[in-house]
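Descriptive structure summary
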Amino acid sequence: MEEVRTRFPPSPSGYLHIGGARTAIFNWLFAQKTGGKLILRIEDTDAERSSEESIRGIIESLKWLSITWDEGPYFQSQFINEHVAAAQKLIQLGHAYKCFCTKEELDKKREEARKKKSALQYDGTCRRLTSEEISKKEAAGMPYTVRLKVPRGKGSVLFEDMVYGFIEKKYEDIEDFVIVRSNGRPLYVLSNAVDDIRDRITHVIRGQDGLANTPKQILIYRALGAPIPRFAHMSLTLDPKKAKISKRTHGELVAVHFYKEHGFLPWAFVNYLALLGWSTSDSREIFSKEDLIEAFSLEGISRANAIFDVRKDDPKFFTDPKAISINTHYLRNLPVEEIEPYVRAELEKAGMWDPDFEGMKRDWFLHTVDVIRSRYHVTTDFVTLGRPYFSEDYPVEPKALEKNILKHEGLKAWFPILADRLEALKTFTAEEAEHVIREMAEEFEIKAGILINGIRAAVTGLAKGPGLFDVLIAVGQRRVVERLRKAVTFF
Ligand code: GLU
């Protein structure tokens with residue numbers, strides 16, 4: 001069997017977005033699954049829209065997702081001469097021709113066709129030129145475009161898409177399309193096909209919006225005598241209102257880097273993206289890398305459009321709740337050592353990293369991460385909600401202060417007593433701390449809940465969190481005692 005070769009060819013006119021990442025992931029998965037290769041090609045021929053910054057951003061996002069490629073990046077702009085040479089070869093082979101019709105002539109013809117309600121296709125005037133006529137026009141220096149000679153008469157381009165099944169396009173519905181502009185620049189439809197031929201691509205896995213080009217590209221392959229790759233077109237990614245997701249309407253929320261910056265674990269995000277329009281028959285949702293490669297098949301890609309449930313204005317879920325729930329799953333269940341580097345990166349970014357966390361305090365650090373992550377969804381939570389554990393400078397939530405401390409006057413007297421008793425403990429364990437607290441509640445006839453919520457607010461500034469006795473161990477005896485004593489000043 002021939003080696004599978006897939007490609008990811010982004011146009012570098014912006015950041016890598018959700019849809020692009022999903023295409024990259026499907027190509028990568030298919031290559032991994034079949035022991036094939038993934039080629040990265042930057043389609044930068046549109047110089048005005050392409051930028052270095054965008055190329056860097058796309059590559060950075062792919063790396064963050066751990067999408068690896070085997071060849072490239074190649075740059076389409078370096079192969080323009082090759083694209084033009086292919087067009088010349090097509091002319092020589094009689095599969096393409098020079099068209100000297102001017103824009104004005106074409107506009108006029110189109111206008112007439114519109115009036116007559118006939119097809120708005122090029123009428124093939126220059127297809128019928130004799131070689132003398134062509135030489136004369138060339139000698140007169142008339143500019144020309146190059147058009148592909150589409151077969152005429154009955155017949156069609158027929159191919160089997162690996163997602164959508166058989167697709168047929170009648171020759172009569174394809175005009176002799178332009179492959180080189182009058183300024184000598186090749187059209188994208190040509191460049192893309194010529195690059196795929198050179199890169200020996202066997203499977204073109206791309207968005208459904210590429211489908212319009214496919215019959216034309218098959219004609220180009222055929223005319224150049226090149227083997228035709230298999231095609232798999234993927235449904236589009238839409239927002240909940242069924243609009244195409246785009247930078248314009250959704251801003252950064254559709255950019256991969258946004259998720260990196262907002263505390264997503266890269267694999268969790270790949271796992272989420274893989275489920276956009278792809279599923280297994282058992283509707284599983286969590287896949288390790290090996291499992292995903294094993295389970296992946298192009299046949300599992302849905303024909304229905306995928307919905308990316310962006311929630312621009314929802315303060316609770318800033319993005320698709322499913323993306324959050326998958327991230328939460330990984331954040332809470334991976335071996336804690338595996339999320340350690342991500343937590344560290346967040347703390348470093350926030351200036352909260354202490355080198356001791358990887359030195360003498362490492363055991364404490366890992367244990368604390370393990371305790372507090374049980375309530376977290378994204379790694380940035382370690383900086384916001386995790387502040388009282390990793391820093392002395394943390395805010396006290398007004399709600400926690402009001403409800404859990406100030407509302408219960410008695411705490412003012414109880415906190416210092418409790419501080420003394422906890423300080424006296426020789427071994428500071430969750431059991432010992434719990435014992436002290438419960439005993440005190442009984443002795444002073446305080447509802448345990450009031451004491452527990454009060455201590456939590458005093459020690460972490462928060463109204464919610466993991467089990468209090470675990471929290472106390474994570475904060476540590478010395479700091480618990482200090483913070484309880486300090487809490488008296490809140491009254
Ligand atoms: N450069 C094209 C894009 O970014 C890729 C089209 C294709 O995969 O053939 O949309």
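Attention in this report is confined to the structure presented alongside it. It should be emphasised that the depicted structure is a prediction, and the values quoted were computed from it without experimental measurement.

Rules used throughout
Residues numbered from 1 in each chain as written. Predicted model: local features only at pLDDT ≥ 70, side-chain atom pairs only at ≥ 80, totals over all residues. Heavy atoms only, no water. Pairing = 2+ DSSP bridges. Helix = DSSP H or I, 4+ residues; strand = E, 2+ residues; numbered from the N terminus. Axes fitted to C-alpha atoms, helices over the stretch in contact; angles between N-to-C directions. 1 Å grid on protein atoms, 1.4 Å probe; cavity = no way out; pocket = protein on both sides within 12 Å on 5 of 7 lines; lining within 4 Å. Points joined across faces, edges and corners; volume = space filled by probe spheres on them. Contact = heavy atoms within 4.5 Å. Core = buried A, V, L, I, M, F, W, Y, C linked by side-chain atoms within 4.5 Å. Buried < 20%, exposed > 50% of the residue type's maximum accessible area, 1.4 Å probe, protein only. Parallel < 35°, antiparallel > 145°, perpendicular 65-115°, else oblique. Nonpolar A, V, L, I, M, F, W, Y, C, P; charged D, E, K, R; others polar. Near = heavy atom within 4 Å. Polar contact = N/O pair within 3.5 Å; in protein donor to acceptor, adjacent residues only side chain to side chain. Areas by Shrake-Rupley, 256 points an atom, 1.4 Å probe, with all protein chains shown as cover. Sits in = over half its atoms within 2 Å of the grid points.

1. Focus on the sheet that holds strand β8 (residues 178-180)
Pairing within the open sheet is antiparallel, and its three strands lie in the order β4-β5-β8. For this open sheet the edge positions go to β4 (96-99) and β8, each flanked by a neighbour on one side alone. When strand polarity is set aside, the average angle formed by the axes of neighbouring strands in this sheet is 40°. Across two bridges, strand β5 (residues 145-148) lies against β8 in antiparallel orientation. Bridging across to β8, Val 146 finds its partner in Val 180.

2. A few points about the layout of surface pockets
In this structure, the largest pocket spans a volume of roughly 1,400 Å³. At the level of secondary structure, the elements contributing two or more residues to the lining of the largest pocket comprise β1 (5-8), α1 (18-34), α6 (188-198) and β9 (203-207). Size it by volume and the second largest pocket reaches roughly 550 Å³. Around the second largest pocket, the lining is made up of 22 residues, and of these Arg 375, Tyr 376, His 377, Asp 381 and Leu 385 lie nearest the centre.

3. Remarks on the pairing of strand β6 (residues 156-161)
Both β6 and strand β7 (residues 165-170) contribute to a ladder of six bridges, which runs antiparallel. Residue pairing across strands places Leu 158 opposite Glu 168, the latter belonging to β7. Turn length for the β6-β7 hairpin, with the two strands adjacent in sequence and antiparallel, is three residues.

4. Quick word on the environment of Ala 433
Inspection of the secondary structure assignment puts Ala 433 in helix α19 (residues 430-443). The sequence separation of Ala 433 and Phe 469 amounts to 36 residues, and the corresponding C-alpha distance is 6.5 Å. Ignoring anything within four residues of it in the chain, the contact list for Ala 433 reads Leu 422, Leu 425, Phe 428, Phe 469 and Leu 472.

5. Considering the nonpolar core
Counting 143 residues, the largest nonpolar core has Phe 26, Ile 179, Phe 390, Leu 422, Ile 455, Leu 472 and Leu 484 as its most contacted members. Tallying contributions element by element places α1 first for this core, with nine residues. Excluding residues within four positions of it along the chain, Leu 422 makes contact with Phe 428, Ala 433, Val 436, Gln 477, Val 480, Val 481 and Leu 484. Counting eight residues, the second largest nonpolar core, distinct from the first, contains Tyr 97, Cys 99, Cys 126 and Leu 129.

6. A short note on the packing of helix α21 (residues 468-475) against helix α22 (residues 477-486)
Relative to each other, α21 and α22 sit at 105°, their axes nearing to 6 Å. When the axes of α21 and α22 are compared, the pair comes out roughly perpendicular. Facing α21, whose interface residues are Leu 472, Ala 474 and Val 475, α22 presents Arg 479, Val 480 and Arg 483. Split into classes, the residues belonging to the contact of α21 with α22 amount to four nonpolar, no polar and two charged.

7. Description of unusual backbone geometry
With an omega dihedral of 5°, the bond running from Gly 72 to Pro 73 counts as a cis peptide bond. Residue Lys 242 is not a glycine yet carries a positive backbone phi of 70°. Its location among the elements puts Lys 242 in the loop between β11 (237-238) and α8 (247-250). If you check the backbone angles, Ser 283 has positive phi at about 55° while not being a glycine. Turning to its location among the elements, Ser 283 is positioned in the loop between α10 (266-274) and α11 (289-295).

8. Thoughts on the environment of Trp 64
By the element assignment, Trp 64 lies in helix α2 (residues 52-64). Put simply, Trp 64 and Gly 277 are 213 residues apart on the chain and 22 Å apart in space, counted from C-alpha to C-alpha. Other than its neighbours up to four places away in sequence, Trp 64 contacts Val 256, Tyr 259, Lys 260, Phe 264, Leu 265, Pro 266 and Phe 269.

9. Some details on the site of the ligand
As a structural note, the neighbourhood of the ligand is formed by Arg 7, Pro 9, Pro 10, Ser 11, Glu 43, Tyr 188, Asn 192 and Arg 206. Here an oxygen atom of the ligand sits 2.8 Å away from a polar atom, N or O, in the side chain of Arg 7. For the ligand, the protein covers 71% of the area, taking 300 Å² as the surface of the free molecule. More than half of the atoms belonging to the ligand lie within 2 Å of the grid points that define the largest pocket. When grouped by side-chain class, the residues that make up the shell around the ligand number three nonpolar, two polar and three charged.

Honestly, that's just the spatial picture; any functional story needs more than this.
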